[in-house]
Amino acid sequence: MPANHPVKPEHVSGAPLRRAVVHASYDLTFLPKHPGEGWTRFVCISDTHSHLFHVPPGDVLLHAGDLSRHGTLKDLEVTLNWMKGLPHPAKFFIAGNHDYDEGGALREIKPKYLRTKDIAAARNLVRSHSLRKAGMFYLEHEHAMYTAKSGKVYTIYGSPAAPFYSTGAFQYCTGQGKEIYSRIPASVDILMTHTPAHGICDLTKRGIHAGCPELAQRLLDEDLRGCRLHNEKNPGGRISVNAALPSVPLPVIIDLMD
């Protein structure tokens, strides 16, 4: 998210239903008990910017972008090595405007310190065999499947895109969001976007709604009514989370009944 990303407590919306439990405030030394068989625990983080901290265990880790401080390969390696060591069996992650990029409409204003060879190395790294072996899956305008212990198959879609804010990666201009978010498949259960939708968990410290109107409009479409969690209120009881971490990191825990 942009530097003025939304902050807690206005980071979760959507009324929890019987099939979902949200833990946005808890004691890290006394974690909420996992609901048990037939439930999947998703742990949501974002905007970690190469910082390392304690993350509660769970079935699935979702990282919604801004993995690095400045988009350098060194910064990215710090975060990915840290994530490899986390206990979650499956980890899905996307990039953000602070991360690398090698194309797009704003390529001409790429910071000079980002070397082309490092960008290429970063792109290879996020899709490397070593990360896949560690249960880590990078998503860039694409989806992946996660099979829970119960046999329930979750479709997870990720997009690093965000409206233009300042010099950065994966950003788009007004009017380009409609095409970008049209790629979200109707079968999606878990949606990961680096930008929030306009008016949903997107209030900045200055009281400005910084989310994307085109994403907000896409989320209203009938074919996305089955989407249960947006890691970033919509009809159908969807839970929306802006997982950008506060000064004292506290990941958001979402328990979904399979």
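Please read all numbers here as calculations on a predicted model, not as lab measurements.

Colleague: Before we go on, may I ask you to explain the pattern of salt bridges in this structure?
Modeller: The full count for this structure, using the stated rule, is 9 salt bridges. As a salt-bridge pair, Lys 152 and Asp 189 come within 4.0 Å of each other at their nearest N and O atoms. Taken together, the residues Lys 152 in the loop between β7 (142-147) and β8 (153-159) and Asp 189 in the loop between α4 (177-181) and β11 (190-193) connect sequence positions 37 residues apart. According to the relative accessible area criterion, Lys 152 is partly exposed, its value standing at 25%. The residue Asp 221 makes a salt bridge to Arg 218 at a minimum N-O spacing of 2.9 Å. Looking at Asp 221, the relative accessible area reads 31%, which means it is partly exposed. Classification of Arg 218 as buried rests on a relative accessible area of 8%. The structure contains a network of salt bridges with shared partners spanning Arg 218, Asp 221 and Asp 223.

Colleague: Can you help me understand the sheet that holds strand β14 (residues 252-257) in this one?
Modeller: Sheet strands pair via backbone hydrogen bonds, and the direction of the pair is either parallel or antiparallel. Spatial ordering of the open sheet is given by β2-β14-β3-β4-β5-β6, a layout of 6 strands whose pairing is mixed. What marks the edges here is a single partner per strand, and that holds for β2 (20-23) and β6 (136-138). Neighbouring strand axes in the sheet, compared pairwise and without regard to direction, differ in orientation by 20° on average. Of the strand pairs in this sheet, strand β5 (residues 90-93) and β6 are connected by 3 bridges, and their pairing is parallel. Residue Lys 91 lies in a different strand from β6, and its bridge partner there is Met 136. Seen against the sheet, helix α1 (residues 73-84) touches β3 (39-45), β4 (60-63), β5 and β6 and runs at an angle of roughly 155° to β5.

Cut-off values and rules
Residues numbered from 1 in each chain as written. Predicted model: local features only at pLDDT ≥ 70, side-chain atom pairs only at ≥ 80, totals over all residues. Heavy atoms only, no water. Salt bridge = Lys/Arg side-chain N within 4 Å of Asp/Glu carboxyl O. Helix = DSSP H or I, 4+ residues; strand = E, 2+ residues; numbered from the N terminus. Buried < 20%, exposed > 50% of the residue type's maximum accessible area, 1.4 Å probe, protein only. Pairing = 2+ DSSP bridges. Axes fitted to C-alpha atoms, helices over the stretch in contact; angles between N-to-C directions. Contact = heavy atoms within 4.5 Å.

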